[in-house]
Amino acid sequence: HKVILSYSGDFFEIGEKEMATRARVTISDGTDTLLLSEIADGVYATDAYIHGVVGRTYTLDIELQDGSRYSASDYLKACPVIDSIRQSVNYSDYSDYGYDVLFYGREPEPAGDHYMYLLYVDNKLYTDTVTEISFVTDRFVNGKYISDYSVYHIREADIKPAVTQVSLEMHSISQGFFEFLSALM
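Conventions used here
Residues numbered from 1 in each chain as written. Predicted model: local features only at pLDDT ≥ 70, side-chain atom pairs only at ≥ 80, totals over all residues. Heavy atoms only, no water. Pairing = 2+ DSSP bridges. Helix = DSSP H or I, 4+ residues; strand = E, 2+ residues; numbered from the N terminus. Patch = residues over 30% accessible without salt bridge, like charges linked within 9 Å, V, L, I, M, F, W, Y side chains within 5 Å. Areas by Shrake-Rupley, 256 points an atom, 1.4 Å probe, with all protein chains shown as cover. Salt bridge = Lys/Arg side-chain N within 4 Å of Asp/Glu carboxyl O. Polar contact = N/O pair within 3.5 Å; in protein donor to acceptor, adjacent residues only side chain to side chain. Axes fitted to C-alpha atoms, helices over the stretch in contact; angles between N-to-C directions. 1 Å grid on protein atoms, 1.4 Å probe; cavity = no way out; pocket = protein on both sides within 12 Å on 5 of 7 lines; lining within 4 Å. Points joined across faces, edges and corners; volume = space filled by probe spheres on them. Nonpolar A, V, L, I, M, F, W, Y, C, P; charged D, E, K, R; others polar.

1. Brief notes about the pairing of strand β4 (residues 37–40)
Within a regular strand, side chains alternate between the sheet's two faces. In this structure, β4 lies alongside strand β5 (residues 43–45), joined through three bridges in antiparallel fashion. The partner of Glu38 across the bridge, within β5, is Tyr44. From the end of β4 to the start of β5, which pair antiparallel, there are two residues, and Gly42 there has a positive phi angle of about 75°.

Shown next as structure tokens:
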């Protein structure tokens, strides 16, 4: 896991961001605290084997060189298993022929879950911009089996004949993060 820290700057200014170096960055579950290593200027990482445990609340603490402190916490909810995905040719959009990636799986009860999907084409993140991320709430599908849900559209030009591998990741996200993504769109 990585945490990337930079200072705010002029939105319209082109150039390198000022990175927050030599910060103290930790993640805690209330019992154990992990100190992240700075692997590049402003980039802090855990060891590769570290992963979250469903049902725990995690707190990210950041202390900058100037003594400023920032903290955020969130609860790690379970994420349902993807039953399967498939592709479907989509020629309904006249300007952007391609393929829809369809999701199949059961959405568990109770209501109030939110999910984010990330799409990989040939092991490269296809949805590498926040405005391309697909995210949903279970408001209208709580407890139901979902089939033929179009999660993403892959442009025909991005598909290479006979060598393309498509992978889909599904992540459980908090209501706050769901609302943040909704506000960006």
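2. Here's the deal with a nonpolar patch on the surface
On the surface, a cluster of nonpolar side chains totalling about 430 Å² of accessible area is made up of Val130, Phe177, Phe180, Leu184 and Met185. By the secondary structure assignment, Phe180 is in helix α1 (residues 175–184).

3. So, the environment of Thr59
Here Thr59 lies in strand β6 (residues 57–63). Spatially, the C-alpha atoms of Thr59 and His114 are 20 Å apart, while their sequence positions differ by 55 residues. A polar contact is formed between the side chain of Thr59 and the side chain of Ser73, at a distance of 2.7 Å.

4. Some remarks on the sheet that holds β6
As summarised here, the arrangement of the four strands in space is β3-β2-β6-β7, forming an open sheet in which the pairing is antiparallel. Only two strands of the sheet have a single neighbouring strand rather than two, namely β3 (33–35) and β7 (69–75). Recorded for the sheet is a direction-independent mean angle of 15° between the axes of neighbouring strands. When strand β2 (residues 24–28) meets β3, the two strands line up antiparallel, connected through three bridges. Residue pairing in the sheet places Ser28 in a bridge with Thr33 of β3.

5. Notes on the sheet that holds β5
Here we have three strands laid out as an open sheet, ordered β1-β5-β4, and antiparallel in their pairing. Each having just a single partner strand, β1 (2–4) and β4 make up the two edges of the open sheet. Direction aside, the axes of adjacent strands within the sheet are offset by 35° on average.

6. Considerations on the layout of surface pockets
Put simply, the largest pocket is a space of about 1,700 Å³. Lining the largest pocket we find 41 residues, and of these His1, Lys2, Ile27, Tyr58 and Leu76 sit closest to its centre. Broken down by secondary-structure element, the contributors of at least two residues to the lining of the largest pocket are β1, β3, β6, β7, β10 (114–121) and β14 (166–173). When residues of the lining of the largest pocket are assigned to their parent elements, the largest contribution, six residues, is made by β7. Broken down by class, the residue content of the lining of the largest pocket amounts to 24 nonpolar, eleven polar and six charged. By volume, the second largest pocket amounts to about 200 Å³.

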